[in-house]
Amino acid sequence: MFRKRLKEIPSSSSNVSTGLTWGLDCDLSRTSELLSGMGVSVLKKDKLDGENTLQDALGSSSCSHKRRKVKEKDFVIVRRPRLLRDSGASWDTLPDELLLAIFAYLPLSDLIRASVVCKRWHRLSFDESLWQTLDLAGKILLPGVVGQLLPAGVTVFRCPRSSISSPLFKTSKPLKLQCMDLSNCTMSVASLQSILSLCEKLQNLSLEGLVLSDDIIKSIAQNPSLVRLNLSGCSGFAVEPLKLMLSSCSVLDELNLSWCNFTDAHVKAAVNHVTSKVTQLNLSGYRQNLQMQDVQTLVERCPLLVHLDLSDSVMLNRECFQYFRKLSCLQHLCLSRCYQIFSADLVELGGIPTLKTLQVFGIVPDGSLEVLKESLPDIKINCSYFTSIARPTVGRKRSNEIWGIKCKLALRNLSGL
């Protein structure tokens, strides 16, 4: 009988590998660039022919899975490793729905790492269901990062106090953003315009403290569903774009235009074009530019006002009280540092039956404050230093919520992206 040599039997699965291998097509190449810009390290492999199994993820250090050769004369006996696939524990056998459920628990940095494992994981990692809310507050975002993340399906984007370089969008399709907070960010006017030019579904927007432009205001006007708009401390836009924006955003409920370096013409454009549906309005900080006639126009145009802030308007006096009494829904009124209104005059505001809070910092001496509180027992006086109108967060408590919506996808560490 002839002895025959038994040749080594190759593995039947192209997915079995004894080492970790990374590297994909052009999509994953772009993801690697994104990771490097985000400060996230990338594991490397030599080559990728398919998808990794749990054996790949766990490595090949276990001696039970090593090939063992036993020589017996001129026979070579080869024992193939037992595949974890046989036990039903392969990543390949998991349906997309289960993998998405697992990915939903990953923080942002780990989700990005998972996207370079294989083609399938890359597709699932950028599924829209995982990118509904994104929190990059206080980060340093290098060029291209925002341009690749926002088109993934982000609807809520929290990014205040961040440094944002050029987004570098690779698509001209409208974004799905509905809520966006870019308050006090460091970014160019061109970068901000490139983001807002792709927004058509915004409902809540905060650009507090930013330098804007006429084109940016016109881009905001392309969002007719806008409900809350915070432009406090903004500058750089003319009167005509302001009129266009206020006329186009006809369902605004909360509007904050405080301290915007407005001229007299800006103020008149605001009071004459703001929607009649607004219930909360902040026009504080306009000193000599807000006149008594403007208050009369505003009250006649916006009868549904519940919260009105006209602080730091030094041209107002007790004559404006007659207009306030016409607001049947008025609950919160701010007249701080309106120096022509005296503490004795404030007692007349007790004639507004719906009024609950009154902020009059700077015009009521300490000795008269207690007397005023006794005269107006049903009204809370000087109970809040700052207004919350249209602002994404309220109070000093640190939170990853904006307008009551929690942003789930976020970085756990403080390092820059």
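What you see is a predicted model; the values in this text were computed from it and never measured. (Residues numbered from 1 in each chain as written. Predicted model: local features only at pLDDT ≥ 70, side-chain atom pairs only at ≥ 80, totals over all residues. Heavy atoms only, no water.)

A. Spatial organisation of the overall build of the protein chain. Helix and strand counts for the protein chain come out as 13 helices and 18 strands. Counting all 417 residues of the protein chain, 47% fall into the buried class. For the protein chain, restricting intrachain contacts to residue pairs at least 6 apart in sequence, the fraction spanning at least 24 positions comes to 66%. Summed over its atoms, the accessible surface of the protein chain is roughly 21100 Å², and 52% of this surface lies on carbon and sulfur atoms. (Helix = DSSP H or I, 4+ residues; strand = E, 2+ residues; numbered from the N terminus. Buried < 20%, exposed > 50% of the residue type's maximum accessible area, 1.4 Å probe, protein only. Contact = heavy atoms within 4.5 Å. Areas by Shrake-Rupley, 256 points an atom, 1.4 Å probe, with all protein chains shown as cover.)

B. Structural context of the environment of aspartate 96. Residue placement: aspartate 96 occurs in helix H3 (residues 96–103). Residue aspartate 96 is classed as partly exposed on the basis of its relative accessible area of 25%. Put simply, aspartate 96 and leucine 124 are 28 residues apart on the chain and 7.4 Å apart in space, counted from C-alpha to C-alpha. Not counting the four nearest positions on each side in its chain, aspartate 96 is found in contact with Arg120, Arg123 and Leu124.

C. Geometry of helix H10 (residues 264–273). Listed as buried for H10 are His266, Val267, Ala269, Ala270 and Val271. Of the surrounding elements, those touching the buried residues of H10 are helix H9 (239–248) and helix H11 (292–301).

D. Representation of the pattern of salt bridges in the model. Taken as a whole and judged by the stated rule, the model has 12 salt bridges. Aspartate 345 is the partner of arginine 318 in a salt bridge, and the nearest nitrogen-oxygen pair spans 3.6 Å. Within this pair, whereas arginine 318 is found in the loop between strand S12 (307–309) and helix H12 (321–324), its partner aspartate 345 is found in the loop between strand S13 (332–334) and strand S14 (357–359), the two being separated by 27 residues in sequence. Given the relative accessible area of 10%, aspartate 345 is considered buried. Each of Asp96, Arg120 and Arg123 takes part in one network of salt bridges that share partners. (Salt bridge = Lys/Arg side-chain N within 4 Å of Asp/Glu carboxyl O.)

E. Here's a closer look at the sheet that holds strand S7 (residues 179–181). If you trace the 12 strands from one edge of the open sheet to the other, you get S15-S14-S13-S12-S11-S10-S9-S8-S7-S5-S3-S18, paired in parallel fashion. The open sheet has two edge strands, strand S15 (380–381) and strand S18 (409–410), and neither has a second partner. (Pairing = 2+ DSSP bridges.)

F. How the structure looks around the packing of aromatic side chains. This model, assessed by the stated rule, comprises six aromatic pairs. Note on phenylalanine 126 and tryptophan 131: the rings are 5.5 Å apart at their centroids and 5° apart in plane angle, and the pair reads as stacked. As far as burial versus exposure is concerned, phenylalanine 126 and tryptophan 131 are alike and both buried. Ring centres of phenylalanine 237 and phenylalanine 262 lie 5.9 Å apart, and the angle between their planes is 90°; on these two criteria the pair is classed as edge-to-face. One end of the pair, phenylalanine 237, is in the loop between strand S9 (228–230) and H9; the other, phenylalanine 262, is in the loop between strand S10 (254–256) and H10, and 25 residues separate them in sequence. This pair shows no difference in class: phenylalanine 237 is buried, exactly as phenylalanine 262 is. (Phe/Tyr/Trp six-rings, centres within 6.5 Å; stacked < 30°, edge-to-face > 60°.)

G. Helix H7 (residues 189–196), seen in detail. Those residues of H7 lying buried are Ser191, Leu192, Ile195 and Leu196. Seen from one end, H7 has its buried residues packed into an arc of 130°, which puts them on one side. Tucked into the core, H7 has its buried residues touching helix H6 (145–149), S7, strand S8 (204–206) and helix H8 (214–220). (Arc of directions from axis to C-beta.)

H. Up close: the state of the cysteines. All chains considered together, the criterion is met by zero disulfides. Looking at cysteine 159, it has no disulfide partner, and the nearest cysteine sulfur is the one in cysteine 185, 4.7 Å off. Residue classification places cysteine 159 among the buried positions, given a relative accessible area of 0%. Cysteine 234 carries a free sulfur, and the closest cysteine sulfur to it, the one in cysteine 260, is 5.6 Å from it. (Disulfide = S-S within 2.5 Å.)

I. Quick peek at unusual backbone geometry. Although it is not a glycine, aspartate 312 adopts a positive phi angle of roughly 60°. Residue tryptophan 403 is not a glycine yet carries a positive backbone phi of 50°. Assignment of secondary structure puts tryptophan 403 in the loop between strand S16 (401–402) and strand S17 (405–406). Residue class for tryptophan 403 comes out buried when judged on its relative accessible area of 14%.

J. Structural context of the environment of leucine 242. As for its position among the elements, leucine 242 is in helix H9. Separated by 25 residues in sequence, leucine 242 and isoleucine 217 place their C-alpha atoms 6.7 Å apart. Here leucine 242 is in contact with Ile217, Phe237, Phe262, His266, Ala269 and Ala270, once residues within four sequence places are set aside.

K. Expanded view of the nonpolar core. Residues Trp131, Leu182, Leu207, Ile220 and Phe324 are the most contacted members of the largest nonpolar core, which totals 106 residues. The residues touching leucine 182, leaving out its near neighbours within four places in the chain, are Phe157, Cys159, Pro160, Ile164, Met187, Leu192, Ser206, Leu207 and Leu210. Counting residues in hydrophobic clusters, the runner-up holds five residues, among them Val156, Cys179, Ile402 and Cys407. (Core = buried A, V, L, I, M, F, W, Y, C linked by side-chain atoms within 4.5 Å.)

L. Region of interest: the side chain of asparagine 282. Looking at where asparagine 282 falls in the secondary structure, it is placed in strand S11 (residues 280–282). The exposure class assigned to asparagine 282 is buried, which follows from its relative accessible area of 1%. Of note is the side chain of asparagine 282, whose polar atom sits 2.8 Å from the side chain of serine 284. Once you skip the residues sitting within four places of it in the chain, asparagine 282 turns out to touch Leu255, Asn256, Leu257, Ser258, Asp309, Thr387 and Ile389. (Polar contact = N/O pair within 3.5 Å; in protein donor to acceptor, adjacent residues only side chain to side chain.)

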